[in-house]
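Take a look at the letters that make up each chain.
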Amino acid sequence: MTTKFLLLLGPSGVGKTTIIKKLREMDTHFVYISPYITRKLRASEADKVYVSNKKLDKLVADGKILVVNHLYGIRYATPKERIERAFKRNEFPLLDWPIDRLDVMQEHFPGRLFRVYVRPPSLKVLRERLEEDSRDTDQTRLKAGTDELKRLKRGEYDHLIDYRVTNPTSSSEAVAEKIYKRYLSAIGEDC
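Residues numbered from 1 in each chain as written. Predicted model: local features only at pLDDT ≥ 70, side-chain atom pairs only at ≥ 80, totals over all residues. Heavy atoms only, no water.

A.B. asks: Please give an account of the environment of E84 that cites residues and values.
C.D. replies: As for its placement among the helices and strands, E84 is situated in helix α3 (residues 80–88). As a C-alpha pair, E84 and K55 span 29 residues in sequence and 22 Å in three-dimensional space. (Helix = DSSP H or I, 4+ residues; strand = E, 2+ residues; numbered from the N terminus.)

A.B. asks: So what's going on with the packing of helix α5 (residues 123–133) against helix α6 (residues 140–153)? Residues and values would help.
C.D. replies: Remark: α5 packs on α6, axes separated minimally by 10 Å, with the N-to-C direction vectors making an angle of 155 degrees. Classified by the angle their axes make, α5 and α6 are roughly antiparallel. Of the two possible hands of crossing, α5 and α6 adopt the one that is right-handed. Across from L123, L126, R127 and L130 in α5, the residues of α6 making contact are R141, L142, G145, T146 and L149. For the contact of α5 with α6, the class distribution of residues is five nonpolar, two polar and two charged. (Axes fitted to C-alpha atoms, helices over the stretch in contact; angles between N-to-C directions. Parallel < 35°, antiparallel > 145°, perpendicular 65-115°, else oblique. Left-handed = near helix turned anticlockwise from the far one by under 90°. Contact = heavy atoms within 4.5 Å. Nonpolar A, V, L, I, M, F, W, Y, C, P; charged D, E, K, R; others polar.)

A.B. asks: Give me the lowdown on the packing of aromatic side chains, citing residues and values where you can.
C.D. replies: Scanning all chains against the criterion turns up eight aromatic pairs. Pairing F5 with F109 gives two aromatic rings, centres 5.7 Å apart and planes at 75 degrees, and the pair type is edge-to-face. With a gap of 104 residues between them, F5 in strand β1 (residues 5–9) and F109 in the loop between α4 (102–108) and β8 (113–119) connect regions that are remote in the sequence. Aromatic side chains F30 and Y183 sit 5.4 Å apart centroid to centroid with 50 degrees between the ring planes, which places their arrangement in the tilted category. Taken as a pair, F30 in strand β2 (residues 30–32) and Y183 in helix α7 (residues 172–186) lie far apart in primary sequence, 153 residues in all. What makes Y183 buried here is its relative accessible area of 0%. Taken together, the aromatic side chains of F30, F92, F114, Y180 and Y183 make up a single cluster linked through ring pairs. Against the face of F87 rests R112, its NZ or CZ located 3.9 Å from the ring centre. (Phe/Tyr/Trp six-rings, centres within 6.5 Å; stacked < 30°, edge-to-face > 60°. Buried < 20%, exposed > 50% of the residue type's maximum accessible area, 1.4 Å probe, protein only. Lys NZ or Arg CZ within 6 Å of the ring centre and 35° of its normal.)

A.B. asks: Kindly report on the pairing of strand β6 (residues 74–79), identifying the contributing residues and their values.
C.D. replies: Extensive coverage of β6 is indicated by the burial of six of its six residues. Along β6, one buried face is formed by I74, Y76 and T78 and the opposite face, lined by R75, A77 and P79, is buried too. Direction of pairing for strand β3 (residues 36–37) relative to β6: antiparallel, over a ladder of two bridges. The residue bridging I37 from the neighbouring strand is Y76, located in β6. (Pairing = 2+ DSSP bridges.)

A.B. asks: Could you give an account of the sheet that holds β3, naming the residues involved and the relevant values?
C.D. replies: Taking strand neighbours across the sheet as the criterion, the four strands line up as β4-β3-β6-β5 in an open arrangement whose pairing is mixed. A single partner strand is all that each edge strand has here, and the edge strands are β4 (49–50) and β5 (65–71). The sheet strands contacting helix α2 (residues 53–61) are β3, β5 and β6, and the helix crosses β5 at an angle near 140 degrees. Sitting on the sheet, α3 is in contact with β5 and β6, with an inclination near 35 degrees to β6.

A.B. asks: Please set out the pattern of salt bridges residue by residue, giving values where relevant.
C.D. replies: According to the stated counting rule, one finds eleven salt bridges in the structure shown. R164 is the partner of D158 in a salt bridge, and the nearest nitrogen-oxygen pair spans 2.3 Å. Here D158 falls in the partly exposed class, since its relative accessible area comes to 43%. Given the relative accessible area of 29%, R164 is considered partly exposed. (Salt bridge = Lys/Arg side-chain N within 4 Å of Asp/Glu carboxyl O.)

Keep in mind these numbers describe shape, not what the thing actually does.
Next comes the structure, spelled out in structure tokens:
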């Protein structure tokens, strides 16, 4: 068995965090690659690691970071060591990832990615989810998500996606089960 890095793609507010939680509950082989972030953690963010900008700069300089993404004024850094350790242990590394930065992962893990695009059932639902979350006060996330979904519809991402799934409201467990089955098939495991 050759494990793959499961990347969940899709706009902010589509439910990737909840799906990740469900996948980890289904199989302890899934290992969330906790990113470093330069914003203080919210109470619900137990799987991220806060670091100062200075500390992150040092981690980058020491070669411990695969990539730094800039999203909504925050720096998110992906640690190399945890991914490599997961592969050595035949664990299933897992991370939500911006589709416009897939080139980084494809360069570092050629043939080792399983890329799942998670869509909302509609733009209306995405808007409602982002409003409930109350982090999108200036609608930056909604605008970015709307643009990304338009590009998806035009087929601009077709070559980057292994599997697509829609995440209806209150269906994250069923969606996680679909992703899990496809992932196992992709790594040659029986469901």
